Amino acid sequence: MEFTVGNTHSQLGGVYVLRRHISLSTLSLLFLSGFLSCNLNAQVAQKSPALGIPQAPPLVGDTIALALEAQNWLVDLIKINTTNPPGNEQAAAKYIAGILAKEGITADILDLAPGRSAVVARLRSSAVADPSKALLLVAHMDVVGVDRSKWSVDPFGGVIKDGYIWGRGSLDDKSMLAANLASFIALKRGNVHLNRDVIFLGTADEEQFGDASMKMVIAKYWDKIASGFAINEGGKVVLGKDGKVQYVALQAAEKVSVNVTLTVTGKGGHASTPTKDNPVVHLAAAVDKIGSYNTPVHLTSIVHRYFEALAPLEDEETSKWMKVIDTPDRGEHAIRYLAEASPMWNSMMRDTIAPTILQAGFRGNVIPSEARAVLNIRLVPGDTIDVLVNDLKKLVNDPQVKFEIAPEGGLAAPNSSLENDFFYLITRACAQEFGGVPVIPFMSTGATDSAQLRLHSVQAYGLRPFPINEADDARVHGDEERLPLASFPKGVDLMVHIVAEFSVTR
Ligand SMILES: [Zn+2]
């Protein structure tokens, strides 16, 4: 392999965003690995100087042709309707196993429930696996449902039109599934020497987190996916209004979802003679108090890093407040400003409580004897549901209102490290792919399969590698979900780059 110096600017870009958090030894490691990757960058410089995008890591071949193949897999995967419920992920698992079989890779279909399976395959680095080093590529195969009347194309047609791939799962998460598959196959085709096992995993039931989910894969098949590092959905490559990538949000933590049910009982009876214990009135008052309650602020280390890194990219006013979020004199106002500016920022700074279901009554002239409400609570990792529910009981201050915490709540997982070689490598690869953009550590307000992995000491990072603007991002779980055609090969290239650099011995 020939070494030529190229794309030095991006290398520095990658280092720059880490400025305050790296030790000298890490810095030298970074430069060393940066040097090793120069041959990748040289290809870039030759092939697409205008875009500055690395295109052909020579170890694993041309990603342009590969991305075109992967685009066909994505279209096929969209056509396999895996709406959850019922999921029917087994069909997608079999499709993927078929693609892998053509490459000489034997995949395992892991049966979880009738019609529901995960699919796993492994490329070995040596006869004896070292799970602590292994890299897991994970994406889920199920999708959420659609309201067909709101779509201009068949959501399961795999339609390519007007510069987009349309369909349920085109963003969440079948594009990542196809890009992971491409990265995995690139290693096999490249006949490379791996320094760690690389494991491909397609999961089921991510959207409902039920009996066929990652939880079950871990419980029944952990030995097949045991790994030290993972890359999954959960982050994003943010495309600005000018069509340029602004930054990459890399998910290293996520909030924890817990449902709490409020139940109020009373005598009930004829609506012509109401009494003071009407459950509807008590429940409505409780929901009103909870709905307007501001939970205490809890800024985690990742959220600190997020605001610190995002500040230079925001407008002057927002930037000003992001920078003083920690200060004793202006911090409080800063938090209020940011919470009002963005529901997501608000949710990153505190536990949130969203009343989502109300149930009471069955006839207009009858006072019901019971009324219920469901609160969906998203905890900042480190906060506990018991403490919050106690606060809510005091706030509601009504013995008629009973609180019940659902046993199936998520578990708080530790953050993934922002100080290991894999994190640095992702940071550097993103900077190279997208012209020196910063990578910003991020805590997602939504849940992913990564929490389960982090609970098993896996350093899991969330990255959806395709550049997407805000408007298209808002279509996730909504109508007319679509992926820009031009973004797909960039995401494939980034994934191939990350996976090859981390796992191939040069
Ligand atoms: Zn998803």
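The sections below set out a description of the structure shown in this document. Keep in mind that this is a model prediction, so the values were computed, not measured.

## Focus on the sheet that holds strand S14 (residues 370–379)
So, step 1. Taking strand neighbours across the sheet as the criterion, the 4 strands line up as S12-S14-S10-S15 in an open arrangement whose pairing is antiparallel. Taken across any chain shown, the strands that pair with only one partner, and hence form the sheet edges, are strand S12 (352–360) and strand S15 (401–405). Across the sheet, the mean angle separating the axes of adjacent strands is 25° when strand polarity is ignored.
So, step 2. In this structure, S12 lies alongside S14, joined through 8 bridges in antiparallel fashion. In the sheet register, Gln359 faces S14, and the bridge partner there is Arg372.
So, step 3. Against the sheet, helix H13 (residues 385–396) contacts strand S10 (256–265), S12, S14 and S15, and its axis sits at roughly 170° relative to S15.

## As for helix H8 (residues 279–291)
So, step 1. The end-to-end C-alpha distance of H8, which contains 13 residues, comes to 18 Å, matching closely the 18 Å that a straight helix rising 1.5 Å per residue would cover.
So, step 2. Turning to H8, its buried residues are Pro279, His282, Leu283, Ala286, Val287 and Ile290. Here the buried residues of H8 occupy an arc of 130° about the axis, which is enough to place them on one side. Among the exposed residues of H8, those pointing more than 90 degrees away from its buried face are Val281, Asp288 and Gly291.
So, step 3. Against the buried residues of H8 lie S10, S12, strand S13 (366–367), S14, H13 and S15.

## Focus: the side chain of Glu207
So, step 1. As for its placement among the helices and strands, Glu207 is situated in the loop between strand S6 (198–203) and helix H7 (214–225).
So, step 2. Arg168 provides the closest opposite charge to the buried, salt-bridge-free Glu207, at an N-O distance of 7.8 Å.
So, step 3. Non-local contacts of Glu207, meaning those with residues more than four positions away in its chain, are made with Asn84, His140, Asp142, Val143, Val144, Asp172 and His477.

## Section: the sheet that holds strand S5 (residues 164–166)
So, step 1. An order of S4-S5-S19 is seen for the 3 strands of this open sheet, with the pairing classed as antiparallel. If you trace the sheet from one side to the other, it starts and ends with strand S4 (160–161) and strand S19 (482–484), each paired once.

## Considering the packing of helix H10 (residues 316–323) against helix H11 (residues 331–341)
So, step 1. The interhelical angle for the contact between H10 and H11, taken along N-to-C directions, is 135°, at an axis separation of 8 Å. One finds that H10 runs oblique with respect to H11. At the point where H10 passes H11, the crossing takes the left-handed sense. When H10 is examined against H11, the residues Glu317, Thr318, Trp321 and Met322 are found in contact with a partner set consisting of His333, Ala334, Tyr337 and Leu338.
So, step 2. Residues of the contact of H10 with H11, tallied by class, amount to 5 nonpolar, 2 polar and 1 charged.

## Concerning empty space enclosed by the protein
So, step 1. Across all of its chains, the model carries 1 cavity of 30 Å³ or more by this definition.
So, step 2. Considering only enclosed or pocket space, the largest cavity measures out at about 40 Å³ in volume.
So, step 3. If you trace the largest cavity, you find it lined by Ala253, Glu254, Pro381, Ala413, Pro414, Asn415, Ala451 and Arg454.
So, step 4. When contributions to the lining of the largest cavity are tallied by element, the ones reaching two or more residues are strand S9 (245–254) and helix H15 (450–454).

## Considerations on the coordination of the zinc ion
So, step 1. Within the protein, the atoms that donate to the zinc ion are His140 (NE2), Asp172 (OD), Glu233 (OE) and Glu233 (OE), at distances of 1.9 to 2.7 Å.
So, step 2. Its 4 donor atoms give the zinc ion angles of 51 to 149° at the centre, a pattern that matches the irregular case.
So, step 3. In primary sequence terms, the donor set of the zinc ion follows H-x31-D-x60-E. Of the two residues, Asp172 is situated in the loop between S5 and helix H6 (174–190) and Glu233 in the loop between strand S7 (229–232) and strand S8 (236–239); the sequence distance between them amounts to 61 residues. Neither Asp172 nor Glu233 differs from the other in exposure class; each is buried.

## Examining the environment of Ile109
So, step 1. Positionally, Ile109 belongs in strand S1 (residues 108–113).
So, step 2. Owing to a relative accessible area of 32%, Ile109 belongs among the partly exposed residues under this scheme.
So, step 3. For the pair Ile109 and Gly202, spaced 93 residues apart in the sequence, the C-alpha separation amounts to 9.6 Å.
So, step 4. Those residues in contact with Ile109, other than ones at most four positions away along the chain, are Ala93, Lys94, Ala97, Ser117 and Ala118.

## Some points on the packing of aromatic side chains
So, step 1. Enumeration according to the criterion identifies 13 aromatic pairs in this entry.
So, step 2. Here Phe229 and Phe422 contribute two aromatic rings whose centre-to-centre distance is 5.7 Å and whose plane-to-plane angle is 70°, an arrangement assigned as edge-to-face. Taken together, the residues span a long stretch of sequence, with Phe229 in strand S7 and Phe422 in helix H14 (residues 421–433) at a distance of 193 residues. Phe422 matches Phe229 in its accessibility class, with the two residues each being buried.
So, step 3. One aromatic cluster is present, formed by Phe229, Phe422, Phe423, Tyr424, Tyr461 and Phe502 through successive ring pairs.
So, step 4. Cation over ring: Lys161 sits above Trp166, and NZ or CZ is 5.5 Å from the ring centre.

Scoring rules and cut-offs
- Residues numbered from 1 in each chain as written.
- Predicted model: local features only at pLDDT ≥ 70, side-chain atom pairs only at ≥ 80, totals over all residues.
- Heavy atoms only, no water.
- Pairing = 2+ DSSP bridges.
- Helix = DSSP H or I, 4+ residues; strand = E, 2+ residues; numbered from the N terminus.
- Axes fitted to C-alpha atoms, helices over the stretch in contact; angles between N-to-C directions.
- Contact = heavy atoms within 4.5 Å.
- Expected span 1.5 Å × (residues − 1).
- Buried < 20%, exposed > 50% of the residue type's maximum accessible area, 1.4 Å probe, protein only.
- Arc of directions from axis to C-beta.
- Lys, Arg positive; Asp, Glu negative; His and termini not counted.
- Salt bridge = Lys/Arg side-chain N within 4 Å of Asp/Glu carboxyl O.
- Parallel < 35°, antiparallel > 145°, perpendicular 65-115°, else oblique.
- Left-handed = near helix turned anticlockwise from the far one by under 90°.
- Nonpolar A, V, L, I, M, F, W, Y, C, P; charged D, E, K, R; others polar.
- 1 Å grid on protein atoms, 1.4 Å probe; cavity = no way out; pocket = protein on both sides within 12 Å on 5 of 7 lines; lining within 4 Å.
- Points joined across faces, edges and corners; volume = space filled by probe spheres on them.
- Donors = N, O, S within 2.8 Å, 3.2 Å for Na, K, Ca; no water.
- Tetrahedral: all angles 85-135°; square planar, octahedral: opposite > 155°, others 65-115°.
- Phe/Tyr/Trp six-rings, centres within 6.5 Å; stacked < 30°, edge-to-face > 60°.
- Lys NZ or Arg CZ within 6 Å of the ring centre and 35° of its normal.

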